[in-house]
Amino acid sequence: MEIIAIANQKGGVGKTTTALNIADALRHSGYTVLFIDVDPQANSTSSYKAVIENTYTAQDLFEKKCSADEAIQHTEFGDIIAGDPGLSTIEMDVQKKMGGFHLLKKALGKMKASYDFVIVDTPPNLGIYMLNALIAADKVIVPIKAEKYAIDGLQRLIETISDVKEEENPDLEIAGILLTTYDKRNELDRKLWDTLPEVGEAIGMPVFETPIRISQDVKKAQDQIQSLFDSYPNSNAAYDYARVTKELIEGDK
């Protein structure tokens, strides 16, 4: 079972979209996938049509009220441990707990259900839930957008990842930086894409060979609460996410 965290402390970079579509691409490739939403916004949970009321969620998992197996919901989109807005209300309590940073790792280590991959969608901050995901993960994918300060924001994240590797999870690997909503018609996008491999090498982060091109079909699929690969299989974004997922899988070989 390989655990992959999708992480960036900056919001609006396509983090949740990337988590959802990589999980979906893996399922369409025949792999078994568990999705875990530890973002209090719970947008991924909505996309899975998972429920929050009267069932165990990630909040209960962090409060040790259930096991990971008990929190798994089986939906038409796949298996998920749902996010919960209540995660924001217990954040300080989780941080103060003995072993609070290792709760997710321990919960997954005790899980009886078997999956090829676990995809973890994290909040857009370097708080307790992202750190739990990084400590539990085998790999981390870092999505970014072509923005003026996109590269600057990576430095803080790479420092956090380095600290996690040194202190808590020496086996954590950076799968790569993933450029999202790429528009080759835009000069800034082209400039960032051309310089990204060099920047990535300088800060110790590999770069995925395929950027995710901007596509209205992504928004359409999200609005319709449908799988991108089922609804718009010929879209640029579906093709790109499939390519990125292939890179990810081949990187394991």
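Heads up: the structure comes first, above all this text.
The paragraphs below set out a description of the structure included in this document. Computed from a prediction, not measured in an experiment: that's the story for all the values here. (Residues numbered from 1 in each chain as written. Predicted model: local features only at pLDDT ≥ 70, side-chain atom pairs only at ≥ 80, totals over all residues. Heavy atoms only, no water.)

Within the protein, the regular secondary structure consists of 12 helices and seven strands. For 253 residues, the compact-globule estimate of 2.2 N^0.38 gives 18 Å, and the protein sits close to it at 17 Å. In terms of overall dimensions, the protein has a C-alpha envelope of 50 × 40 × 35 Å along the principal axes. In the protein, which comprises 253 residues, the share counted as buried stands at 52%. Sequence-distant contacts in the protein: of pairs separated by 6 or more residues, those separated by 24 or more amount to 78%. With an accessible surface of roughly 12000 Å², the protein has 47% of that area assigned to carbon and sulfur atoms. Where the 27 positive side-chain charges of the protein centre and where its 40 negative ones centre are 2 Å apart. (Helix = DSSP H or I, 4+ residues; strand = E, 2+ residues; numbered from the N terminus. Rg over C-alpha atoms; globule rule 2.2 N^0.38 Å. Buried < 20%, exposed > 50% of the residue type's maximum accessible area, 1.4 Å probe, protein only. Contact = heavy atoms within 4.5 Å. Areas by Shrake-Rupley, 256 points an atom, 1.4 Å probe, with all protein chains shown as cover. Lys, Arg positive; Asp, Glu negative; His and termini not counted. Charge placed at Lys NZ, Arg CZ, Asp CG, Glu CD.)

The buried count for strand β1 (residues 2-6) comes to five of five residues, which makes it a mostly enclosed element. Inspection of the sheet shows β1 paired to strand β6 (residues 139-145) by three bridges, in the parallel sense. If you follow I4 over to β6, its bridge partner there is K139. (Pairing = 2+ DSSP bridges.)

What follows concerns the environment of L178. On the secondary structure map, L178 appears in strand β7 (residues 173-180). Using a relative accessible area of 0% as the deciding quantity, one classes L178 as buried. Not counting residues within four places of it along the chain, the set of residues in contact with L178 comprises T18, I141, V142, P143, I144, F208, T210, I212, Y241 and V244.

With that settled, the discussion passes to the nonpolar core. Formed by 51 residues in total, the largest nonpolar core has its most connected members in I36, F62 and I81. The element best represented in this core is helix α7 (residues 128-136), accounting for eight residues. In contact with I36, other than residues within four places in its own chain, are I81, L104, L108, V118, I119, V120 and D121. One finds L20, F77, I141 and F229 within the second-largest nonpolar core, a separate group that totals 31 residues. (Core = buried A, V, L, I, M, F, W, Y, C linked by side-chain atoms within 4.5 Å.)

Below, the discussion takes up the sheet that holds β6. A sheet is described by the order of its strands in space; here seven strands give the open sequence β3-β4-β2-β5-β1-β6-β7, paired in mixed fashion. This sheet does not close on itself; its edge strands, each paired only once, are β3 (72-75) and β7. The average undirected angle you get between the axes of adjacent strands in this sheet is 25°. For strand β2 (residues 33-37) and strand β4 (residues 78-81), the ladder comprises three bridges, and the chain directions are parallel. Looking at the pairing, L34 lines up with D79 of β4. Packed on one face of the sheet, helix α12 (residues 236-250) meets β1, β5 (117-121), β6 and β7 and runs near 165° to β7. (Axes fitted to C-alpha atoms, helices over the stretch in contact; angles between N-to-C directions.)

Here the focus is unusual backbone geometry. Positive phi, close to 55°, is recorded for N54, a residue that is not glycine. Tracing the backbone through its elements, the reader meets N54 in the loop between α2 (43-47) and α3 (58-62). The exposed category is assigned to N54, whose relative accessible area is 82%.

Here we take up the packing of aromatic side chains. Working definition: an aromatic ring pair is given by the centre-to-centre distance plus the angle between the planes. In total, this model carries five aromatic pairs according to the counting rule given. Ring geometry for F35 versus Y48: centroids 5.1 Å apart, planes at 45°, classification tilted. Residue F35 is located in strand β2, and its partner Y48 is located in the loop between α2 and α3; the two are separated by 13 residues in the primary sequence. Among the residues examined, F35 registers a relative accessible area of 0% and is labelled buried. Residue Y48 is classed as buried on the basis of its relative accessible area of 2%. With a centroid separation of 6.1 Å and an interplanar angle of 45°, the aromatic rings of Y182 and W193 are classed as tilted. In this pair, Y182 is assigned in the loop between β7 and α9 (187-203) and W193 in helix α9, connecting sequence segments 11 residues apart. Each residue in the set F35, Y48 and F77 is aromatic and connected to the rest through ring pairs, giving one cluster. (Phe/Tyr/Trp six-rings, centres within 6.5 Å; stacked < 30°, edge-to-face > 60°.)

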